[in-house]
Amino acid sequence: MRFIDSFLKLFSPQSIEVYNVFTPTKAAELNYIARPNLEKQINQELCTPGKQILLFGHSGSGKTTIIRSLLNNAGQDSIRTHCEKATTYEQILMNAFDSLDKYIQSEKSISKSNKINSDFVAEFKLFKAGIKEETASVESGKYVRLLPPQLTPQKLAHFLGEGGFNWIIEDFHKVEDVEKKRIADILKIFSDNANEYQKVKVICIGACDSANDLVRLEPDLKGRVAEIKVNLLSEKLIREIVINGCKLLNIEMEDCLIEKLVYYSARLGSSVHQMCLNICLGNNITCRQKKKRKVYDKSFNYAVEGFIKSNEGTLTTIYDSAVRNALGWYILKTFSRNCHDKLQFREIKKIVNKSQQSFTDEEIKHKLDELSSPEYGVIYFNPITENYTLSSPFWKAFLRMQFAIEDAERNKANKDKANKNLKLIDQNDRDASVESLMLELLQRFKEKERLSN
C-alpha cells in the first residue's frame with residue numbers, strides 16, 4: 001500500500017489508465033500483489049548456478065506475472081518464447097534467436113546498464129550475417145524458416161550468457177512429447193554451461209503438473225531443475241487485487257460487490273482482473289477519477305455480461321462436446337447439482353451410477369481427465385487433496401442454467417403444464433441472479449445472431 005501512495009504522488013490522475021491497473025491478458029505490474037513465500041523460493045533457485053526452473057500451475061494463477069516481476073526487480077533481462085500445440089523444437093530455437101536479435105537492435109536495450117557490450121553485439125551480428133535464411137514447405141502448405149545448422153542450443157546458450165539474458169519458454173506443456181524431449185535437452189545444455197554463465201536461466205512455464213512431463217522424458221534433469229508449483233491465489237490476495245486497483249483508480253466498490261468478485265474469480269488473478277476491467281468500463285471508468293467514485297453491487301452485471309460475450313461460443317461448444325456421451329452429461333450434472341464444492345473420485349462414481357448406470361472406474365477417470373484438460377478446462381483436479389471442482393463458479397452457473405433449459409424443454413415435450421415455465425434450480429441461492437442474467441444474455445445474443453442471418 002505504501003508503494004501505491006508513493007506512486008500516486010509522482011503521477012497525475014489522468015496518467016493512470018484502467019488498462020494498466022486491471023490487466024487480464026498481461027502480467028500485472030502497477031497492480032502487482034506480492035507473494036513473499038513463493039517469491040523467496042523462486043529467488044533462491046534463480047540464484048543457484050546451473051539450476052533451471054520449471055514453473056507450473058493452473059492457468060491464470062500468476063506464473064508469468066511473478067517471474068517477470070522478480071526478474072525486473074533484479075534488473076535481469078529476458079526473452080520470451082510462446083508455445084502452441086504445433087510448435088516445434090526448431091521454431092523454439094529460431095524464435096529465441098529472433099527475439100534476441102530484436103532486443104540487441106534496440107538502442108535503449110544496448111545502453112541499459114552497459115550490459116550488452118560492443119564486442120558481444122559485433123559477434124552476434126557477424127553470426128547473424130553468416131546465416132542464410134531459407135524456408136521449406138510443410139504439409140499444411142505453409143512455408144517455414146529452416147533452422148540453420150550453426151544455430152544450436154549451445155550457441156544460443158553462449159549468446160544468452162554473454163548478453164546476460166534469461167529465456168522464458170511459456171506454455172511448454174502444449175507441444176508434443178517429442179518436442180518436449182528436445183526442450184528437456186535444452187535445459188540440460190544450459191545447466192552444463194553453469195560454470196561459464198552462472199546467472200542465465202531457462203524458465204519453463206506450464207500448466208498443472210506439467211513439470212513431470214520433462215523430467216519423465218529426460219531423467220537426467222533430476223537435480224538440474226527446480227520444479228515449483230504456483231498455487232491459486234488465496235481469497236485474501238484476490239481481495240487485495242480489487243482493493244489496490246480501486247485505490248489506484250480512486251474508486252470504492254461496495255463490500256458485497258468485492259465479495260462477489262472474490263467468489264467468482266475462483267482464486268484466479270486473471271479472472272478477477274477481467275471482471276474488474278469489465279465493471280470499470282461498464283461504468284465509463286477509463287482512468288483514475290479526480291473525485292472518489294462509488295461503484296455499486298449492481299455493477300456485477302457488467303462482469304457477467306463480459307464473461308458471456310467473451311465465452312458464449314466456447315461455453316456452448318465445450319458443453320456440447322463434453323456431453324456427446326452420457327457419462328459426460330452425468331458428470332457435469334453431478335457438479336452442477338451437488339451442494340459440495342469439492343468431490344472425490346469415489347463420490348463422483350457413486351453419484352453418476354446412482355440412476356442404475358454402470359460406468360467403470362476407467363471410463364469415469366478418463367472422462368474426468370478429459371474435462372480437466374486445457375482443451376476443456378471445465379474441471380480442476382487438485383493432485384494433493386485428490387479433489388475435483390468446477391474450474392470457475394461461472395461454469396457452475398452456466399451448467400445449472402443449461403440443465404434448467406433442458407428440463408424445461410423436456411417438460412414442454414411431455415406437455416407437462418405444471419412445469420411449462422422455465423425455472424432455474426434453487427432460485428434463492430447466491431448464484432440465482434447470475435444464472436438468470438446469463439440466460440437473458442444468451443437468449444439475447446442468439447436472437448441477434450438469428451436476425452443477422
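Just above, that's the structure.
Predicted model, so just to flag it, every value in this text is computed and none were measured.

**Some remarks on the pairing of strand S2 (residues 77-82)**
Inference 1: On S2, burial follows the alternation: Asp77, Ile79 and Thr81 on one face are buried, whereas Ser78, Arg80 and His82 on the facing-out side are not.
Inference 2: In terms of strand pairing, S2 meets strand S5 (residues 165-170) through six bridges, oriented parallel. Among the inter-strand pairings, Ser78 is bridged to a residue of S5, identified as Asn166.

**Remarks on the sheet that holds strand S1 (residues 52-56)**
Inference 1: Here five strands make up an open sheet; going across it, the order is S2-S5-S6-S1-S7 and the pairing parallel. Each having just a single partner strand, S2 and strand S7 (225-229) make up the two edges of the open sheet. Neighbour to neighbour, the strand axes of the sheet diverge by 20° on average, direction disregarded.
Inference 2: Packed on one face of the sheet, helix H3 (residues 36-46) meets S1, strand S6 (202-206) and S7 and runs near 170° to S7.

**Looking at the packing of aromatic side chains**
Inference 1: Evaluation of the coordinates by the stated rule reveals 15 aromatic pairs.
Inference 2: Centroid distance Phe97 to Phe127: 5.8 Å. Interplanar angle 65°. Geometry classified as edge-to-face. Here Phe97 is found in helix H5 (residues 89-105), whereas its partner Phe127 is found in helix H7 (residues 118-129), with 30 residues between them in sequence. By the burial criterion, Phe97 is buried, and Phe127 matches it.

**A look at the sheet that holds strand S11 (residues 379-382)**
Inference 1: Reading across the sheet, the three strands line up as S10-S12-S11 and stay open at both edges, with antiparallel pairing between neighbours. In this open sheet, the two strands that pair with only one neighbour each are strand S10 (343-344) and S11.
Inference 2: Here S11 pairs with strand S12 (residues 387-390) via four bridges, running antiparallel. For Ile379, the partnering residue across the bridge sits in S12 and is Leu390.
Inference 3: The strands touched by helix H17 (residues 361-372) are S11 and S12; relative to S11, the strand with the most contacts, the crossing angle is about 110°.

**Considerations on the nonpolar core**
Inference 1: Met253, Leu261 and Phe300 are the most contacted members of the largest nonpolar core, which has 69 residues in total.
Inference 2: Of all the elements, helix H14 (residues 300-322) adds the most residues to this core, at nine residues.
Inference 3: When near neighbours in sequence (up to four residues on either side) are disregarded, Met253 contacts Val242, Cys246, Ile258, Leu261, Cys276, Ile279 and Val295.
Inference 4: Of all hydrophobic cores here, the second largest spans 40 residues; its members include Ala157, Leu187, Tyr197 and Val200.

What counts as what
- Residues numbered from 1 in each chain as written.
- Predicted model: local features only at pLDDT ≥ 70, side-chain atom pairs only at ≥ 80, totals over all residues.
- Heavy atoms only, no water.
- Buried < 20%, exposed > 50% of the residue type's maximum accessible area, 1.4 Å probe, protein only.
- Helix = DSSP H or I, 4+ residues; strand = E, 2+ residues; numbered from the N terminus.
- Pairing = 2+ DSSP bridges.
- Axes fitted to C-alpha atoms, helices over the stretch in contact; angles between N-to-C directions.
- Contact = heavy atoms within 4.5 Å.
- Phe/Tyr/Trp six-rings, centres within 6.5 Å; stacked < 30°, edge-to-face > 60°.
- Core = buried A, V, L, I, M, F, W, Y, C linked by side-chain atoms within 4.5 Å.

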